[in-house]
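Understanding the architecture of this molecule
Next come the chains, spelled out residue by residue.
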Amino acid sequence: MNFLDAVYNAGVVGAGGAGFPTHLKMTKEVGTFIVNGAECEPLLEVDKFLMREKTYELIKGMEIIAGNLKAARVVLGLKKKYKVEIKKLSETIKELDSNVELFLMDNFYPAGDEQIMVKDITGKSIPAGGIPLDVDTVVSNVGTVINVYEAIEEKPVTKKYVSVLGEVNNPVMLEVPIGTSFEECIKRAGGVKIKNYAVIEGGPMMGKIVHRDELAEKAVIKTTGALIILPEDHYVIKRKERPEAHILNESRAACIQCRMCTDMCPRYLIGHKLRPHRVMRAMGMGEQDEEILKEALICCECNVCELFACPMGISPKSTNTYLKGVFREKGVRYDGNKEIPSEHEMRDYRKIPVNRLIARLNLSRYYNNKVADLQELKADKVKIFLSQHIGKPAVPLVKEGDRVIEGQRIAEVGREEFGANIHASINGVVTKVEKSYIEIDGMV
Ligand code: SF4
Ligand code: SF4
């Protein structure tokens, strides 16, 4: 079967981030194919686990993708400190006589930002508002490549690896059917040790808060990678919970224009015209200067400015998020300079060491916590969302009462549409087909 058809059939999307449909991303020939194994957010574990335990599938998957992209250079970017993973990967590359190259990075945040990784590996900064294709490159991540390898073997995406850690009794790496509730995942980690807690889906810098009363309803999707449980009054939770009106009032009134947010901004440092201190100034001046405010459109929301740099504890990143929403509603897109920029001369000195970031975020007590080896969670019931990533929701192919088997396509999008197919993740009976999800009961 054609490579892209196999990836489309299997419903592969980017296994982290926005979940871009993979069959639409890998259509052009490029010079370089990069796999992002940096896993730069503190506390995340899944990519390291996959690089250790699914090494063969990862290297073979990279070769398959690179072959289809006709990429001459095939690179896996990861951190120098991942000694065990580097050893295993190097041995496998040698055994397979593979042309995959390992690119070893320092332990800084955000080493795994797609644009930062492209800059460090190719030496070229992607133009502001651009994508890796602009510099003849495609970037994917570890989980996605393994899913592509399985797609070629005609195995659709039905499972996810999810680490559950923080204030749980037994931090653990789980293999779970897509659609398993967050509540089930946390139960399998031995439950929560404290009474008042909140959950971050994803990493502490860019992840989203899930409240306790949402845990039974929220379920693992194709982009879920971690559930981090923290006390409700933890610094990171409190910062992420601030109401938008409060954030915007502070932005307009409390910024002292020290420009630390700009000087530490990773996108500014690779040469993009993104100056959050000027955006904040424009906010304070009555939001008149649209040209400056539009710089918010090229913010990657890494949160360096807000959770690390700003001495006043105010929120440039959240202000940018707000402005993006305003521009989206008006249909305004970034139309700045598309030339390939040069990095700032101080960039190397302003990379944020992860240890310092962890201390600043008050996460030291969770760092290096032992995460138990992989456990398989067999869910009795799953709730599979029809929209699990950017793009179009899939259209159901089943109705209530249908019996389905794991791997069966239960919702689909057209081959050229911006979306991905969805498959049953357990054997069972369809008990609900709602506008936003399909529920399967495995006990019926
Ligand atoms: S969140 Fe802040 S530091 Fe990160 S890219 Fe946006 S402006 Fe820059
Ligand atoms: S770091 Fe904070 S106070 Fe300084 S310019 Fe940026 S938003 Fe204003």
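Residues numbered from 1 in each chain as written. Chains lettered and ligands numbered in written order. Predicted model: local features only at pLDDT ≥ 70, side-chain atom pairs only at ≥ 80, totals over all residues. Heavy atoms only, no water.

Along the backbone of the chain there are 17 helices and 19 strands. In terms of C-alpha radius of gyration, the chain reaches 22 Å, essentially the compact-globule figure of 22 Å for 444 residues. Within the chain, counting contacts between residues at least 6 apart in sequence, those at least 24 apart form 73% of the total. Roughly 19,200 Å² of accessible area belongs to the chain as shown, and the carbon and sulfur atoms make up 48% of that amount. Between the mean site of the 63 positive side-chain charges and the mean site of the 62 negative ones, the chain shows a separation of 3 Å. (Helix = DSSP H or I, 4+ residues; strand = E, 2+ residues; numbered from the N terminus. Rg over C-alpha atoms; globule rule 2.2 N^0.38 Å. Contact = heavy atoms within 4.5 Å. Areas by Shrake-Rupley, 256 points an atom, 1.4 Å probe, with all protein chains shown as cover. Lys, Arg positive; Asp, Glu negative; His and termini not counted. Charge placed at Lys NZ, Arg CZ, Asp CG, Glu CD.)

Let's shift gears to the side chain of K222. By the element assignment, K222 lies in the loop between strand 9 (208-210) and strand 10 (226-231). Not counting residues within four places of it along the chain, the set of residues in contact with K222 comprises G11, V13, G14, A15, V157, K160, I178, Q388, A420, N421 and I422.

The domain architecture assigned to the chain consists of domain 1 (3-152), domain 2 (158-232 + 364-379), domain 3 (244-360) and domain 4 (383-444). One C-alpha centre belongs to domain 1, the other to domain 4; they are set 28 Å apart. Counting residues at the interface gives 13 residues for domain 1, matched by 13 residues for domain 4. Roughly 1,100 Å² of surface becomes buried between domain 1 and domain 4 when both sides are summed, with 57% attributable to carbon and sulfur atoms. Considering only the surface of domain 1 that becomes buried against domain 4, Y8, A18 and L24 emerge as the three largest contributors, covering 41% of it. Inspection of the region where domain 1 meets domain 4 yields one salt bridge. Of the charged contacts in the structure, one is a salt bridge between R415 and D5, with a shortest N-O distance of 2.8 Å. Applying the counting criterion to the domain 1 and domain 4 interface returns seven residue pairs in polar contact (both at pLDDT 80 or more). (Domains from an automatic or database assignment. Buried area = accessible area lost by both parts, 1.4 Å probe. Salt bridge = Lys/Arg side-chain N within 4 Å of Asp/Glu carboxyl O. Polar contact = N/O pair within 3.5 Å; in protein donor to acceptor, adjacent residues only side chain to side chain.)

In the vicinity of ligand 2 there are 14 residues, among which C255, C258, R259, C261 and C310 approach most closely. Looking at the shell around ligand 2, the elements that each hand over two or more residues are helix 11 (260-264) and helix 13 (276-284). Of the residues in the shell around ligand 2, the class split is eleven nonpolar, two polar and one charged. (Near = heavy atom within 4 Å. Nonpolar A, V, L, I, M, F, W, Y, C, P; charged D, E, K, R; others polar.)

The next thing to look at is the site of ligand 1. Near ligand 1 there are 14 residues, and of these C265, C299, C302, N303 and C305 occur at the shortest range. When contributions to the shell around ligand 1 are tallied by element, the ones reaching two or more residues are helix 12 (266-269), helix 15 (304-309) and helix 16 (316-330). Tallied by class, the residues present in the shell around ligand 1 amount to nine nonpolar, two polar and three charged.

So, on to the sheet that holds strand 7 (residues 172-177). Pairing is mixed in the open sheet, where six strands are placed in the order 9-8-10-6-7-12. Only two strands of the sheet have a single partner each, and these edge strands are strand 9 and strand 12 (372-376). Direction aside, the axes of adjacent strands within the sheet are offset by 25 degrees on average. In the sheet, strand 6 (residues 159-166) pairs with strand 10 via four bridges, with the strands oriented parallel. When the bridges of strand 10 are listed, S163 appears paired with A226. Along the sheet, helix 3 (residues 46-53) makes contact with strand 6, strand 7 and strand 12, crossing strand 6 at roughly 125 degrees. (Pairing = 2+ DSSP bridges. Axes fitted to C-alpha atoms, helices over the stretch in contact; angles between N-to-C directions.)

The next thing to look at is helix 3. Owing to its 3.6 residues per turn, the α-helix aligns residues three or four sequence positions apart on the same side. Most of helix 3 sits inside the fold, with six of its eight residues counted as buried. Every buried residue belonging to helix 3 is among V46, D47, K48, F49, L50 and M51, and all of these are buried. (Buried < 20%, exposed > 50% of the residue type's maximum accessible area, 1.4 Å probe, protein only.)

Quick look at the sheet that holds strand 5 (residues 137-141) now. Pairing is parallel across the open sheet formed by four strands, whose spatial order is 3-2-1-5. Either end of the sheet is taken by a strand with one partner, and the two such strands are strand 3 (101-105) and strand 5. Going from strand to strand, the sheet's axes swing by 25 degrees on average, the running direction of each strand aside. When strand 1 (residues 32-36) meets strand 2 (residues 73-79), the two strands line up parallel, connected through five bridges. Pairing of F33 across the sheet is with V74, part of strand 2.

Pairing between side chains becomes possible if they bear opposite charge and their charged atoms approach one another. Taken as a whole, this structure holds 31 salt bridges when the rule is applied. Taking the shortest distance from any N to any O, the salt bridge between R415 and E416 comes out at 3.8 Å. You can call E416 exposed: its relative accessible area is 64%. When salt bridges that share partners are traced, they join K119, D120, E343 and R347 into one network.

Looking now at the nonpolar core. In terms of nonpolar packing, the biggest core is built from 116 residues, with F33, L58, L76 and V164 touching the most fellow members. If we skip the residues at most four places from it in the chain, L76 touches V35, G37, M51, L58, M62, L89, V100, E101, L102, F103 and V142. The next biggest cluster of nonpolar side chains, apart from the first, holds ten residues, and it includes L248, V279, L323 and V332. (Core = buried A, V, L, I, M, F, W, Y, C linked by side-chain atoms within 4.5 Å.)

Inspection of the secondary structure puts D263 in helix 11. Take D263: its relative accessible area is 18%, and that puts it in the buried class. Placed 113 residues apart in sequence, D263 and E150 show a C-alpha to C-alpha distance of 43 Å. When neighbours within four sequence positions are excluded, D263 is seen to be in contact with Y268, L269 and R350. Within the structure, the side chain of D263 is placed 2.9 Å from the side chain of R259, a separation counted as a polar contact.

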